[in-house]
Amino acid sequence: MSKPSVLFVCLGNICRSPLAEAAFREQAALARLAAEADSAGTGDWHIGSPPDRRAQAVALRHGIDISTYRGRQVQAEDFHRFEHIFALDGENLRDLRRIRPADGTAHLALLMDLVPGREGTNVTDPYFGDAEGFDVTWSDVTIAAANLVEKLLERQD
Ligand code: 4NP
(Lines give C-alpha, C1' and ligand atoms only; values in the text may rest on other atoms or scores of the structure.)
Protein backbone atom coordinates (compact mmCIF):
# COMPACT_ATOMS: atom_id res chain seq x y z
CA MET A 1 0.00 0.00 0.00
CA SER A 2 1.46 3.39 -0.94
CA LYS A 3 1.87 6.12 1.65
CA PRO A 4 -1.43 7.94 2.22
CA SER A 5 -1.50 11.58 1.12
CA VAL A 6 -3.90 14.11 2.53
CA LEU A 7 -4.59 17.78 1.71
CA PHE A 8 -6.61 20.03 4.01
CA VAL A 9 -8.37 23.00 2.39
CA CYS A 10 -10.02 26.10 3.88
CA LEU A 11 -10.57 29.61 2.51
CA GLY A 12 -7.41 31.49 3.43
CA ASN A 13 -4.92 28.73 4.40
CA ILE A 14 -3.82 30.77 7.40
CA CYS A 15 -6.18 29.58 10.17
CA ARG A 16 -8.09 26.30 9.92
CA SER A 17 -6.29 24.21 7.30
CA PRO A 18 -2.75 24.80 8.67
CA LEU A 19 -4.07 23.70 12.08
CA ALA A 20 -5.67 20.62 10.50
CA GLU A 21 -2.36 19.84 8.79
CA ALA A 22 -0.45 20.28 12.06
CA ALA A 23 -2.91 18.15 14.04
CA PHE A 24 -2.79 15.42 11.40
CA ARG A 25 1.02 15.44 11.31
CA GLU A 26 1.10 15.13 15.09
CA GLN A 27 -1.48 12.33 15.25
CA ALA A 28 0.26 10.45 12.42
CA ALA A 29 3.64 10.77 14.19
CA LEU A 30 2.16 9.53 17.48
CA ALA A 31 0.69 6.52 15.68
CA ARG A 32 3.87 5.97 13.62
CA LEU A 33 1.88 6.33 10.42
CA ALA A 34 3.97 7.47 7.43
CA ALA A 35 1.85 9.93 5.46
CA GLU A 36 2.13 12.99 3.24
CA ALA A 37 0.22 16.06 4.42
CA ASP A 38 -0.26 19.59 3.19
CA SER A 39 -2.81 22.39 3.34
CA ALA A 40 -4.07 25.02 0.91
CA GLY A 41 -6.72 27.71 0.52
CA THR A 42 -9.39 28.19 -2.11
CA GLY A 43 -8.61 31.93 -2.03
CA ASP A 44 -5.43 33.71 -3.11
CA TRP A 45 -5.14 36.49 -0.51
CA HIS A 46 -2.56 34.82 1.70
CA ILE A 47 -0.24 33.11 -0.76
CA GLY A 48 3.24 33.06 0.81
CA SER A 49 2.02 34.23 4.23
CA PRO A 50 2.69 32.45 7.52
CA PRO A 51 -0.34 31.26 9.51
CA ASP A 52 -2.37 33.82 11.46
CA ARG A 53 -0.61 34.71 14.73
CA ARG A 54 -3.50 33.26 16.74
CA ALA A 55 -3.24 29.96 14.83
CA GLN A 56 0.52 29.86 15.48
CA ALA A 57 -0.14 30.54 19.17
CA VAL A 58 -2.70 27.77 19.66
CA ALA A 59 -0.44 25.26 17.88
CA LEU A 60 2.49 26.32 20.04
CA ARG A 61 0.39 25.89 23.18
CA HIS A 62 0.06 22.27 22.05
CA GLY A 63 3.81 22.01 21.42
CA ILE A 64 3.76 22.44 17.64
CA ASP A 65 5.60 25.17 15.72
CA ILE A 66 3.79 26.08 12.49
CA SER A 67 5.66 29.36 11.92
CA THR A 68 7.38 27.95 8.82
CA TYR A 69 4.12 27.01 7.08
CA ARG A 70 3.29 29.25 4.11
CA GLY A 71 -0.08 29.91 2.50
CA ARG A 72 -0.77 28.56 -0.95
CA GLN A 73 -3.80 28.26 -3.20
CA VAL A 74 -5.23 24.87 -4.17
CA GLN A 75 -4.30 23.87 -7.73
CA ALA A 76 -5.63 21.48 -10.35
CA GLU A 77 -2.64 19.17 -9.85
CA ASP A 78 -3.60 18.71 -6.18
CA PHE A 79 -6.53 16.60 -7.38
CA HIS A 80 -3.99 14.17 -8.84
CA ARG A 81 -1.25 14.50 -6.23
CA PHE A 82 -3.36 13.78 -3.13
CA GLU A 83 -5.43 10.72 -2.41
CA HIS A 84 -7.73 12.59 -0.03
CA ILE A 85 -8.74 16.24 0.06
CA PHE A 86 -10.64 17.39 3.14
CA ALA A 87 -12.62 20.64 3.12
CA LEU A 88 -12.93 22.52 6.39
CA ASP A 89 -16.44 23.77 5.58
CA GLY A 90 -19.27 23.33 3.11
CA GLU A 91 -18.35 26.38 1.06
CA ASN A 92 -14.80 25.07 0.68
CA LEU A 93 -16.22 21.71 -0.44
CA ARG A 94 -18.47 23.38 -3.04
CA ASP A 95 -15.53 25.42 -4.35
CA LEU A 96 -13.37 22.29 -4.56
CA ARG A 97 -16.07 20.45 -6.53
CA ARG A 98 -16.27 23.40 -8.90
CA ILE A 99 -12.53 23.57 -9.63
CA ARG A 100 -11.88 19.82 -9.60
CA PRO A 101 -10.54 18.65 -13.01
CA ALA A 102 -12.76 16.06 -14.68
CA ASP A 103 -9.98 13.46 -14.43
CA GLY A 104 -9.04 14.33 -10.82
CA THR A 105 -8.55 11.22 -8.70
CA ALA A 106 -8.62 12.64 -5.16
CA HIS A 107 -11.50 11.71 -2.87
CA LEU A 108 -13.23 14.86 -1.61
CA ALA A 109 -14.98 15.04 1.75
CA LEU A 110 -15.84 17.37 4.58
CA LEU A 111 -13.34 17.10 7.44
CA MET A 112 -16.00 16.77 10.14
CA ASP A 113 -17.52 13.78 8.32
CA LEU A 114 -14.69 11.93 10.10
CA VAL A 115 -16.28 12.64 13.48
CA PRO A 116 -19.32 10.48 14.35
CA GLY A 117 -22.30 12.68 15.21
CA ARG A 118 -20.81 15.73 13.47
CA GLU A 119 -21.08 14.63 9.86
CA GLY A 120 -22.00 17.44 7.48
CA THR A 121 -20.91 20.21 9.85
CA ASN A 122 -18.32 22.95 9.40
CA VAL A 123 -15.14 23.79 11.26
CA THR A 124 -16.15 27.37 12.05
CA ASP A 125 -13.91 30.07 10.57
CA PRO A 126 -12.19 31.72 13.58
CA TYR A 127 -10.57 34.52 11.52
CA PHE A 128 -13.04 37.28 12.36
CA GLY A 129 -13.57 36.11 15.96
CA ASP A 130 -11.54 36.17 19.16
CA ALA A 131 -8.65 34.00 20.32
CA GLU A 132 -10.94 31.41 21.96
CA GLY A 133 -12.28 30.53 18.53
CA PHE A 134 -8.87 29.08 17.73
CA ASP A 135 -9.14 26.69 20.69
CA VAL A 136 -12.41 25.41 19.22
CA THR A 137 -10.69 25.02 15.84
CA TRP A 138 -7.82 23.10 17.43
CA SER A 139 -10.18 20.79 19.27
CA ASP A 140 -12.25 20.11 16.10
CA VAL A 141 -9.28 19.43 13.83
CA THR A 142 -7.58 17.25 16.44
CA ILE A 143 -10.58 14.92 16.84
CA ALA A 144 -10.94 14.68 13.07
CA ALA A 145 -7.21 14.09 12.56
CA ALA A 146 -7.09 11.34 15.19
CA ASN A 147 -10.04 9.58 13.54
CA LEU A 148 -8.44 9.96 10.12
CA VAL A 149 -5.18 8.40 11.31
CA GLU A 150 -7.13 5.51 12.82
CA LYS A 151 -8.96 4.97 9.52
CA LEU A 152 -5.77 5.07 7.49
CA LEU A 153 -4.09 2.62 9.86
CA GLU A 154 -7.03 0.18 9.60
CA ARG A 155 -6.59 0.24 5.85
CA GLN A 156 -2.96 -0.82 6.23
CA ASP A 157 -3.82 -3.95 8.26
P1 4NP B 1 -9.08 30.29 7.09
O2 4NP B 1 -9.55 31.71 7.66
O3 4NP B 1 -9.94 30.02 5.86
O4 4NP B 1 -9.41 29.34 8.20
O5 4NP B 1 -7.62 30.40 6.79
C6 4NP B 1 -9.59 32.87 6.88
C7 4NP B 1 -8.46 33.62 6.74
C8 4NP B 1 -8.48 34.79 6.00
C9 4NP B 1 -9.66 35.17 5.39
C10 4NP B 1 -10.80 34.40 5.52
C11 4NP B 1 -10.76 33.24 6.27
N12 4NP B 1 -9.71 36.37 4.64
O13 4NP B 1 -10.80 36.76 4.22
O14 4NP B 1 -8.65 37.00 4.44
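Here is what the cut-offs are and how they apply
Residues numbered from 1 in each chain as written. Predicted model: local features only at pLDDT ≥ 70, side-chain atom pairs only at ≥ 80, totals over all residues. Heavy atoms only, no water. Near = heavy atom within 4 Å. Polar contact = N/O pair within 3.5 Å; in protein donor to acceptor, adjacent residues only side chain to side chain. Areas by Shrake-Rupley, 256 points an atom, 1.4 Å probe, with all protein chains shown as cover. Axes fitted to C-alpha atoms, helices over the stretch in contact; angles between N-to-C directions. Helix = DSSP H or I, 4+ residues; strand = E, 2+ residues; numbered from the N terminus. Parallel < 35°, antiparallel > 145°, perpendicular 65-115°, else oblique. Left-handed = near helix turned anticlockwise from the far one by under 90°. Contact = heavy atoms within 4.5 Å. Nonpolar A, V, L, I, M, F, W, Y, C, P; charged D, E, K, R; others polar.

Some words on the site of the ligand
In the vicinity of the ligand, the contacting residues are C10, L11, G12, N13, I14, C15, R16, H46, D125 and Y127. A distance of 2.8 Å separates an oxygen atom of the ligand from a polar backbone atom of G12. H46 places a side-chain nitrogen or oxygen 2.8 Å from an oxygen atom of the ligand. With the chains in place, 91% of the 360 Å² that the ligand exposes on its own is no longer accessible.

Description of the packing of helix α2 (residues 53-61) against helix α5 (residues 132-156)
α5 packs onto α2 with a crossing angle of 55 degrees between their chain directions and a minimal axis gap of 9 Å. In terms of orientation, α2 lies oblique with respect to α5. When the axes of α2 and α5 are compared, the crossing they make is right-handed. Contact residues: α2 offers R54, A55, V58 and R61, while α5 offers F134, D135 and W138. Grouping the amino acids of the contact of α2 with α5 by side-chain chemistry returns 4 nonpolar, no polar and 3 charged.

Read these as spatial facts, not as claims about activity.
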